[in-house]
Amino acid sequence: MISGEYDVVVIGAGNAGMCAALAAQENGARVLVLEAAPFDERGGNSRYTAGALRFVYNGVDDLLKLCDLSEQEIATSDFGTYTQDKYYDDLGRLTDYKSNPDMAELLITRSQDTLLWMRSKGIRFAPMYSRQAFKHEGKFVFWGGLALEAWGGGPGLIEGLFNSAEQRGIEVAYEARGEHLIADDDGVHGVVANVEGKTTEIRAKAVVLACGGFEANAEMRTRYLGPGWDLAKVRGTRFNTGNGIRMALEIGAMSYGNWSGCHAVGWDYNAPEFGDLAVGDNFQKHSYPFAIMVNADGERFCDEGADFRNYTYAKYGREILTQPHQFAWQIFDQQVVHLQRDEYRIRQITKVTADTIEELADKMTEYAPVDKAAFLKTIREYNAAVQRDIPYNPTVKDGRTTKGLAIDKTNWAMPLEKPPYEAYCTTCGVTFTFGGVRIDTDGRVLDVAQKPIAGLFAAGELVGGLFYHNYPGGTGLVSGSVFGKIAGTSASKLMGRNA
Ligand SMILES: Cc1cc2nc3c(=O)[nH]c(=O)nc-3n(C[C@H](O)[C@H](O)[C@H](O)COP(=O)(O)OP(=O)(O)OC[C@H]3O[C@@H](n4cnc5c(N)ncnc54)[C@H](O)[C@@H]3O)c2cc1C
């Protein structure tokens, strides 16, 4: 099926790669997408997502440009705003102000326009009522800077992107793994790929790398993230093994960004080694701001209520990984279970319930043992420290804190006293890695002298420089779209070049 010469070869058929392919095709390029996975597993990590999207909107009018909202929905919802300033503040605060300013500016200033462009390609969006809004005083109040998701979540987004590509004649080859770039002193001229087991040379005027980070590669995780990371579970695709980064470094690309950092969350203790498309992101357990978390020593180890979950979840996976035996139990009582997200109601779950805390501890120990005496002491001290006179409100950082604990819970503190109690066991699930190659504002990959490598572009997870230490939820897809579109557009400008 792969035949002739291509203007642009995109390596990786996730959100970033498909946006690059659509942008290149829009400018007249003949485009081939190489995807390492078989057809049934296409779509990369992007397909495992809920499709949450962090982009700039200044009110409901901006949302109406992207999705349909009924008059009733508008009347009963408080969508708030997510201004450019707020986005800069969040990205800066969460990354210790290390995010590359040029990249941050592109991400933020182009976020809304890029989603509008995706809509023009047939991608649909919908409000995120179930995960990002709580009903408060008769209205659905959105919080955490996220208002919309891709219609149908990650699977819907991927289906939309592939349909759009198919309608526009973009070719996609499956079980086609990019292995080496064809490069000389004049830059990149194509790729050597393993296509259904056969080594195949594919010439092109430009190559866009969009094949993910190294999260699914245990050896690279251990080498770059550190000891213990070989044992983390992978939340998404098994195909993001760092090949794109390796290929680029092999020909002199510059490494960039937070190579020892990654996005990692609390993930079901008994989840499989890699993601399961039938379960999607539901192995995550993201309602911990309304719970407490304890480790094998029966002790709390972080401020569960430090911020909205969108701003803490991506770094708490690492906290769990560093606990003894790499697990953490989340404990809820009946005062807060109604705040649990839908992922707490799936079948594949490591959960115990009991009418007393003592009995709960015994049941927890059957799965992942905790020090019972220490656990009971932790609960007693926590309950006594809750400042009950401060009103409880899950739609804002309510300041309902504990006082006097070694680690206070600074928002949404609720004593555990209304049975039955529920406990959920989590371990660390790695989402994607932060380190990668360096690009300029045209999506061109830079070499070690920080000069563009002719014919080579990159987008998505394998680009370093945007995320350090932490990450604001919903940014991965939008950054893939923004930088994918930029890379595809730039690549299509090389159509006059020799392959
Ligand atoms: C469970 C889960 C939930 C998430 N939820 C959200 C969310 O709601 N919102 C959000 O913004 N982000 C979310 N993310 C993060 C988001 O998925 C990523 O940031 C984003 O999808 C990355 O897009 P990408 O195109 O760079 O990578 P991917 O979508 O992973 O695509 C990379 C593709 O490259 C292919 N590939 C790898 N190596 C090769 C090779 N050598 N040759 C050819 N192909 C190759 C892979 O098979 C894959 O299809 C979530 C991630 C996970 C795992």
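Now for a description of the structure that goes with this document. Given the structure is predicted, the values throughout are model-derived calculations rather than measurements. (Residues numbered from 1 in each chain as written. Predicted model: local features only at pLDDT ≥ 70, side-chain atom pairs only at ≥ 80, totals over all residues. Heavy atoms only, no water.)

1. As for the site of the ligand
Item 1. With respect to spatial proximity, 39 residues lie near the ligand, and among them Glu-35, Asn-45, Ser-46, Asn-240 and Leu-477 are the closest.
Item 2. The separation between an oxygen atom of the ligand and a polar main-chain atom of Asn-15 is 3.4 Å.
Item 3. Ala-36 has a polar backbone atom sitting 3.1 Å from a nitrogen atom of the ligand.
Item 4. Here the ligand, which alone exposes 1000 Å², has 97% of that area covered by the protein. (Near = heavy atom within 4 Å. Polar contact = N/O pair within 3.5 Å; in protein donor to acceptor, adjacent residues only side chain to side chain. Areas by Shrake-Rupley, 256 points an atom, 1.4 Å probe, with all protein chains shown as cover.)

2. Let's talk about the packing of aromatic side chains
Item 1. Enumeration according to the criterion identifies 27 aromatic pairs in this entry.
Item 2. Taken together, a centroid distance of 5.4 Å and an interplanar angle of 80° make the contact between Phe-332 and Tyr-344 edge-to-face. Note that Phe-332 is positioned in strand 17 (residues 328-332) and Tyr-344 in the loop between strand 17 and strand 18 (351-354), a separation of 12 residues in sequence.
Item 3. Phe-332 sits in the buried class, given a relative accessible area of 0%.
Item 4. The interplanar angle of 65° and the centroid separation of 6.1 Å between the aromatic rings of Phe-432 and Phe-467 together place this pair among those described as edge-to-face. Taken together, the positions of Phe-432 in strand 19 (residues 421-433) and Phe-467 in the loop between strand 22 (452-458) and helix 15 (475-492) put the pair 35 residues apart, joining distant regions of the chain.
Item 5. Residue classification places Phe-467 among the buried positions, given a relative accessible area of 7%.
Item 6. Cation over ring: Arg-30 sits above Tyr-6, and NZ or CZ is 4.1 Å from the ring centre.
Item 7. Lys-485 extends its terminal NZ or CZ atom over the ring of Trp-117, reaching a point 5.3 Å from the ring centre. (Phe/Tyr/Trp six-rings, centres within 6.5 Å; stacked < 30°, edge-to-face > 60°. Helix = DSSP H or I, 4+ residues; strand = E, 2+ residues; numbered from the N terminus. Buried < 20%, exposed > 50% of the residue type's maximum accessible area, 1.4 Å probe, protein only. Lys NZ or Arg CZ within 6 Å of the ring centre and 35° of its normal.)

3. Quick word on the nonpolar core
Item 1. Formed by 142 residues in total, the largest nonpolar core has its most connected members in Leu-34, Leu-209 and Phe-483.
Item 2. Counting residues per element, this core draws most heavily on helix 1 (residues 15-26), which supplies 8 residues.
Item 3. Residues in contact with Leu-34, not counting those within four places in the same chain, are Ile-2, Val-9, Val-10, Ile-11, Gly-12, Ala-13, Ala-173, Ala-176, Val-191, Ala-193 and Ile-202. (Core = buried A, V, L, I, M, F, W, Y, C linked by side-chain atoms within 4.5 Å. Contact = heavy atoms within 4.5 Å.)

4. A short note on the pairing of strand 19
Item 1. Counted residue by residue, strand 19 has 13 buried out of 13 residues, so it is predominantly covered.
Item 2. Relative to strand 19, strand 13 (residues 233-234) runs parallel, the two sharing 2 bridges. Of the residues in strand 19, the one forming a bridge with Lys-233 is Gly-429.
Item 3. Sheet analysis places strand 15 (residues 262-268) next to strand 19, joined by 7 bridges and oriented antiparallel. (Pairing = 2+ DSSP bridges.)

5. Notes on the sheet that holds strand 5 (residues 125-127)
Item 1. Taken together, 3 strands build an open sheet; the order of strands is 3-8-5 and the sheet is antiparallel. Each edge of the open sheet is held by one strand with a lone partner, namely strand 3 (52-53) and strand 5.
Item 2. Examined bridge by bridge, strand 5 and strand 8 (residues 148-150) share 3 bridges and lie antiparallel to one another. By the bridge assignment for strand 8, Pro-127 is matched with Leu-148.

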